[in-house]
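Fold and contact review
Each chain is listed here by its residues.
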Amino acid sequence: QVQLVESGGGLVQAGGSLRVSCAASGRTFSNYVIGWFRQAPGKEREFVAGITRWSGGNEYYADSVKGRFAISRDNAKSTAYLQMNLLKPEDTAVYYCAASARPALPVSQYEYDSWGQGTQVTVSS
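Heads up: these notes are all about the structure in this document. Note that the structure is a prediction, hence the values are computed from the model and not measured.

Our focus in this paragraph is the pairing of strand E5 (residues 46-51). In the case of a regular strand, side chains alternate between the two sheet surfaces. Of all 6 residues in E5, 5 are buried; the element is thus mostly enclosed. Looking at chain direction, strand E4 (residues 33-39) and E5 are connected through 5 bridges and run antiparallel. Its bridge partner lying in E5, Trp36 is registered against Ala49. Relative to strand E6 (residues 59-61), E5 is paired through 3 bridges, and the arrangement is antiparallel. Residue pairing across strands places Ile51 opposite Glu59, the latter belonging to E6.

The next thing to look at is the sheet that holds strand E1 (residues 3-7). As summarised here, the arrangement of the 4 strands in space is E1-E3-E8-E7, forming an open sheet in which the pairing is antiparallel. Edge strands, defined here as strands with exactly one partner in the open sheet, are E1 and strand E7 (69-74). Recorded for the sheet is a direction-independent mean angle of 15 degrees between the axes of neighbouring strands. The pairing of E1 with strand E3 (residues 18-25) spans 5 bridges and is classified as antiparallel. In the strand pairing of E3, Gln3 is matched with Ser25.

Within the secondary structure layout, Cys22 lies in strand E3. Through-space distance from the C-alpha of Cys22 to that of Arg38 is 14 Å; in sequence the pair is 16 residues apart. Apart from residues no more than four positions distant in its own chain, Cys22 is found in contact with Leu4, Val5, Glu6, Trp36, Ser78, Thr79, Ala80 and Cys97.

Position of Arg68 among the secondary structure elements: in the loop between E6 and E7. Here Arg68 falls in the buried class, since its relative accessible area comes to 9%. One polar contact links the side chain of Arg68 to the main-chain carbonyl oxygen of Ser64, over a distance of 2.9 Å. Ignoring sequence-local partners within four residues, the contact set of Arg68 consists of Gln83, Met84, Asn85, Leu86, Leu87, Lys88 and Asp91.

Criteria and thresholds
Residues numbered from 1 in each chain as written. Predicted model: local features only at pLDDT ≥ 70, side-chain atom pairs only at ≥ 80, totals over all residues. Heavy atoms only, no water. Buried < 20%, exposed > 50% of the residue type's maximum accessible area, 1.4 Å probe, protein only. Helix = DSSP H or I, 4+ residues; strand = E, 2+ residues; numbered from the N terminus. Pairing = 2+ DSSP bridges. Axes fitted to C-alpha atoms, helices over the stretch in contact; angles between N-to-C directions. Contact = heavy atoms within 4.5 Å. Polar contact = N/O pair within 3.5 Å; in protein donor to acceptor, adjacent residues only side chain to side chain.

So this is what it looks like as structure tokens:
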């Protein structure tokens, strides 16, 4: 399995921006679809965004973040990114990146094989 480490979380005011990163090691990064998920206190973990294997690959977003968040990846650096703009207090959560070896881009957390430890994003009003 690939090992994933997130970074870049923090505290930001509503309307602000933040970029979180996901650094991979251990296996060939381009073999994996990458997804970003988030989990707020007392809520289920939810899909945020996903990108297929290749840099510049197909992207998919949850409706709640469409138009505000952008996922990308740099296979040469074995790193994926989630750029978050126009942040809202309801975006507050622990953000996780995950890797899936499946050929399609899954939105279910149960179809992802490797997970990072998560990074906290807090948006103040």
